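# Residue-level structural notes
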Amino acid sequence: MDSTVEAVKANLDINSNQTLKVSVYHAFKRTIILGEIPAGERINESVFSEEMNISRTPIRYALEQLLKEELVEHVPGIGMIVRGISIKDAYEIYDIRKALDTLAFTKAMHLMTEEDFDELERHLQSGDSIQTKESDDRIDNLINNFSGFNAYVYEKSQMRRLLKIIDELQAYLVYFRELSIRSEVRSKIALEEHFLILRGMRKKDVETMTMLIHEHLDHSLKFIIEDMENRNIG
């Protein structure tokens, strides 16, 4: 089986509540964002259909969505070619993330109760506990913990439209988060930064909290750019 097909199959969750075409779309999107299908690679519908043992319809749907998101491009006479994520894309996504997080965290800060802050702190303490334990699923648990921290704050911001925008970026954010958290050094620092951001929120200190959020994301971006450069992604 082709290695790119294997990568897509590995990211395909057929046990989710989504339709097959949506599941296939998410599998392709995740695989491309993770760089498991390199930029410039052609996606052959018939090959994927045959080797994944599914019809071309969900694959065609996936490619249509990815084309809209500019993760693939149609080259006349060749077909669908993977465009992937560039360093420029990473900078753009992090600029958007800075703006959205500053807005969401500021809004949530003024709406959260002391009980909410306590719950969020317990969540971070749980992450600290995960960090110190050696287990096969430690990284996955850490990723879920970090994602949960942001998800909790987004929910408390009570900004429904912002949540929809964040959801559109989620695949990219998961990719970037996985890269950074898989580094033990970066994950420890990131957790410490989350504690500092929470402290700023408790104090209702917008200026300090904003600075901490931007520093946190700048540190993550630097790590991501270095990783992309090491993999010769331009």
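Below is a summary of the structure that appears in this document. Keep in mind that this is a model prediction, so the values were computed, not measured. (Residues numbered from 1 in each chain as written. Predicted model: local features only at pLDDT ≥ 70, side-chain atom pairs only at ≥ 80, totals over all residues. Heavy atoms only, no water.)

Moving on: the pattern of salt bridges. Opposite charge on two side chains permits them to pair, given that their charged atoms come into close proximity. One pass over the full model with this rule turns up ten salt bridges. A salt bridge links Arg-60 to Glu-45, with the nearest nitrogen and oxygen atoms 3.1 Å apart. Here Arg-60, found in helix α4 (residues 56-68), pairs with Glu-45, found in helix α3 (residues 45-52); they are 15 residues apart in sequence, far enough to count as distant. For Arg-60, a relative accessible area of 36% gives the class partly exposed. The partner of Asp-116 in a salt bridge is Lys-156, with the nearest N and O atoms 3.4 Å apart. Of this pair, Asp-116 sits in helix α6 (residues 114-132) while Lys-156 sits in helix α7 (residues 138-157), and the two are 40 residues apart along the sequence. (Salt bridge = Lys/Arg side-chain N within 4 Å of Asp/Glu carboxyl O. Helix = DSSP H or I, 4+ residues; strand = E, 2+ residues; numbered from the N terminus. Buried < 20%, exposed > 50% of the residue type's maximum accessible area, 1.4 Å probe, protein only.)

Let us now look at the packing of aromatic side chains. Overall, the coordinates contain four aromatic pairs when judged by the stated rule. For the ring pair Phe-105 and Tyr-154, a centre distance of 6.4 Å and an interplane angle of 85° mean the geometry is edge-to-face. Residue Phe-105 is located in helix α5 (residues 87-111), and its partner Tyr-154 is located in helix α7; the two are separated by 49 residues in the primary sequence. By relative accessible area, Tyr-154 is classed as buried at 5%. Members of the aromatic cluster, joined through ring pairs, are Phe-105, Phe-149 and Tyr-154. Cation over ring: Lys-21 sits above Tyr-61, and NZ or CZ is 4.6 Å from the ring centre. (Phe/Tyr/Trp six-rings, centres within 6.5 Å; stacked < 30°, edge-to-face > 60°. Lys NZ or Arg CZ within 6 Å of the ring centre and 35° of its normal.)

The next point concerns α3. Among all positions of α3, only Glu-45, Phe-48, Ser-49 and Met-52 are buried. One face of α3 carries all of its buried residues, which in axial projection span an arc of 100°. Of the surrounding elements, those touching the buried residues of α3 are α1 (3-10), α2 (20-33), β1 (42-43) and α4. Count one or two residues on from α3 and you reach Asn-53, which has phi positive near 60°. (Arc of directions from axis to C-beta. Contact = heavy atoms within 4.5 Å.)

This paragraph deals with the side chain of Thr-4. Relative to the helices and strands, Thr-4 resides in helix α1. Owing to a relative accessible area of 8%, Thr-4 belongs among the buried residues under this scheme. Once residues lying within four places of it in the same chain are set aside, the contact partners of Thr-4 are Ile-37, Glu-41 and Phe-48.

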